[in-house]
Amino acid sequence: MSRVGFTTTIPVEILVAAGKIPVDLNNIFITSDRSGQLIEEAEVAGFPRNVCGWIKGIYATVLESGIDEMIAVTEGDCSYTKALMEVLSMAGIRVVPFAYPIDRNPQTLKAEMEKLMDHFGVGWTEVNSAKERLDAIRRKVREIDRLTWQENKVTGEENHYFQVCTSDFNSAPEAFEREVDAFLGEAAARRSFGRQIRLAYLGVPPILSELYPFMETLGARVVFNETQRQYAMPYDVEDLVDQYCRYTYPYDIFHRIADIQLEIAQRQVDGVIHYVQSFCFRQIEDMVIRKKLSLPILTLEGDKPARLDARTRIRLEGFVEMLADKQAMAED
């Protein structure tokens, strides 16, 4: 089985149906013990300093990993991806484009899926069978999410991990399902956490480490990981095209906000952490989020893989303290 990398979540069912090993390049970059060095290698190769760290990390990760074929999402993700495709193609990597339609048109999306299916030599019967298999795992991950916000038995970092892994199922769906099953058994038996500040985490997964555990030392816990939850395809629909039309990440900010508003109300969120990546166009969306959401919002910015710096820790401490004071006043 050959490995196929991809730059962000794609219809992974197609790769599984084709007998390929799916590899989310973001995941293997950020979990590498050489993540910082990978960015330096990309800069030595010529990438400017003021280019997104994830793009530089993906570039060096592809070259280091030996992956010779990848799917690049040219619409609905990073604006740097097209240039990344060109640079990697010069290095001998076979790059297959995939685009989410900006208007979420189902016919256009279906055509994009069928181009991928033709490339990998599979049809709808095999793809739908793969979807059924992967959906069984996704339902279990949704139970982890429910245990996070409804029964208060799962940490924000655990919630982040299992949901973000559903982008490629850790390149081994059966092994990942066993890991999910083991965790569910352990988490369900836990006692519920005590009183805590309930946070929503919006934006792409953080390039910074220690964020979730540090917030929990302050008495706050993330009960809603927006983008990670989307990777897990939370709507449980039968039609594959409909599934990826409902998936919010590649589309406009207003489509995302409609989902965010529903979830923060249901999960009784007290405050919002909005993470933005340095040099990313999505930083501009912070303006819209602040106008559309009524909750207190703290915007954090990350550049390269690193531990939380002192300034970020102080800002988090002040934010959680403010939310705690607000909660105490409401209860008096």
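Residues numbered from 1 in each chain as written. Predicted model: local features only at pLDDT ≥ 70, side-chain atom pairs only at ≥ 80, totals over all residues. Heavy atoms only, no water.

Brief notes about the pattern of salt bridges
This is how it is decided: A side-chain nitrogen of Lys or Arg and a carboxyl oxygen of Asp or Glu constitute a salt bridge if their distance falls within 4 Å. Residue burial is assigned from relative accessible area. The probe radius is 1.4 Å, only protein chains are included, and a residue is buried under 20% of its type maximum, exposed over 50%, and partly exposed in between.
Under the criterion given, the structure shown has 30 salt bridges. The salt bridge partner of Arg34 is Glu41, with a shortest N-O separation of 2.2 Å. Given the relative accessible area of 22%, Arg34 is considered partly exposed. Glu263 is the salt-bridge partner of Arg267, the closest N and O atoms lying 2.8 Å from each other. Each member of the pair, Arg267 as well as Glu263, carries the same accessibility label: buried. Among the ionic contacts, a cluster of salt bridges with common partners joins Asp145, Arg229, Asp259, Glu263 and Arg267.

Regarding the pairing of strand E9 (residues 297–302)
Just so we agree on the cut-off: By the criteria applied, helices consist of DSSP H or I runs no shorter than four residues and strands consist of E runs no shorter than two, each listed in order from the N terminus. Pairing between strands requires that DSSP locate at least two bridges from one strand to the other. With strands facing away from the observer, any crossover in which the path from the first strand over the helix to the second runs clockwise is taken as right-handed.
With respect to burial, E9 is a largely interior element, five of its six residues being buried. Sheet analysis places strand E8 (residues 271–277) next to E9, joined by six bridges and oriented parallel. Residue pairing in the sheet places Ile273 in a bridge with Leu298 of E9. Taking the sense of rotation as the criterion, the β-α-β connection linking E8, helix H14 (residues 285–292) and E9 turns out right-handed.

Some words on the sheet that holds strand E4 (residues 94–99)
To keep it simple, the criterion reads: For helices, the axis comes from a line fit to the C-alpha atoms of the stretch in contact; other axes are also lines fit to C-alpha atoms, and the angle between any two N-to-C directions lies between 0 and 180 degrees.
In spatial order, the strands read E2-E1-E3-E4; together these four strands make up an open sheet with parallel pairing. Pairing within the sheet leaves two strands with one partner each, and these edge strands are strand E2 (21–24) and E4. Here the average twist between neighbouring strands, direction ignored, is 30°. Of the pairings in the sheet, the one linking strand E1 (residues 3–6) to E2 comprises four bridges and is parallel in character.

Comments concerning the packing of aromatic side chains
Where we set the bar: Stacked, tilted and edge-to-face pairs are distinguished by plane angle, under 30 degrees for stacked and over 60 for edge-to-face with tilted covering the rest, among Phe, Tyr and Trp rings (Trp via its six-membered ring) whose centres lie within 6.5 Å. We count a charge as sitting over a ring when the NZ of a lysine or the CZ of an arginine lies within 6 Å of the ring centre and within 35 degrees of the ring normal.
Evaluation of the coordinates by the stated rule reveals 14 aromatic pairs. Each ring, one from Phe162 and one from Phe183, has its centre 4.7 Å from the other, and the planes form 35°; the classification is tilted. With Phe162 in helix H8 (residues 156–164) and Phe183 in helix H9 (residues 173–188), the pair connects residues that are 21 residues apart, well separated along the chain. Summarising the burial analysis for this pair, Phe162 and Phe183 share the class buried. Centre to centre, the rings of Tyr201 and Tyr212 are 5.8 Å apart; their planes meet at 40°, and the pair counts as tilted. Within this pair, whereas Tyr201 is found in strand E5 (residues 197–202), its partner Tyr212 is found in helix H10 (residues 211–217), the two being separated by 11 residues in sequence. Of the two residues examined, Tyr201 and Tyr212, each falls in the buried class. Clustering of aromatic rings is evident, with ring pairs tying together Phe98, Tyr100, Tyr231, Tyr244, Tyr247, Tyr249 and Tyr251. The side chain of Arg313 reaches across the aromatic face of Phe214, ending 4.8 Å from its centre.

Side note on the side chain of Thr148
Stated precisely, the cut-off is as follows: Here a polar contact is recorded for every N or O atom pair within 3.5 Å, except that within protein the pair must consist of a potential hydrogen donor and a potential acceptor, and residues adjacent in sequence are included only if both atoms are side-chain atoms.
In this structure, Thr148 sits in helix H7 (residues 124–149). Since its relative accessible area comes to 0%, Thr148 is described here as buried. Looking at Thr148, its side chain comes within polar contact range of the main-chain oxygen of Ile144, at 2.8 Å.

Digging into the nonpolar core
Applicable threshold: We define a nonpolar core as any set of buried Ala, Val, Leu, Ile, Met, Phe, Trp, Tyr and Cys residues linked to one another through side-chain atoms lying within 4.5 Å. By the convention used here, residues are in contact when the closest approach between their heavy atoms is within 4.5 Å.
In this structure, Ile71, Phe98, Leu109, Leu199, Tyr244, Ile273 and Leu316 are the most contacted members of the largest nonpolar core, which totals 88 residues. Sequence-distant contacts of Phe98, defined by excluding residues within four places in its chain, comprise Ile10, Pro11, Ile71, Ala72, Val73, Thr74, Glu75, Leu109, Glu112, Met113 and Leu116.

Thoughts on the packing of helix H3 (residues 35–45) against helix H4 (residues 53–65)
For the record, the criterion: An angle counts as roughly parallel when it lies under 35 degrees, as roughly antiparallel when it exceeds 145, as roughly perpendicular when it falls between 65 and 115, and as oblique in every other case. Gly counts as polar in this scheme, as do all residues outside two lists: the nonpolar Ala, Val, Leu, Ile, Met, Phe, Trp, Tyr, Cys and Pro, and the charged Asp, Glu, Lys and Arg.
With their axes 8 Å apart at the nearest point, H3 and H4 run at an angle of 90° to one another. One finds that H3 runs roughly perpendicular with respect to H4. Here H3 contributes Leu38, Ile39, Glu41, Ala42, Glu43 and Ala45 to the contact with H4, which in turn contributes Gly53, Lys56, Gly57, Tyr59, Ala60, Thr61 and Glu64. Residues that form the contact of H3 with H4 fall into these classes: six nonpolar, three polar and four charged.

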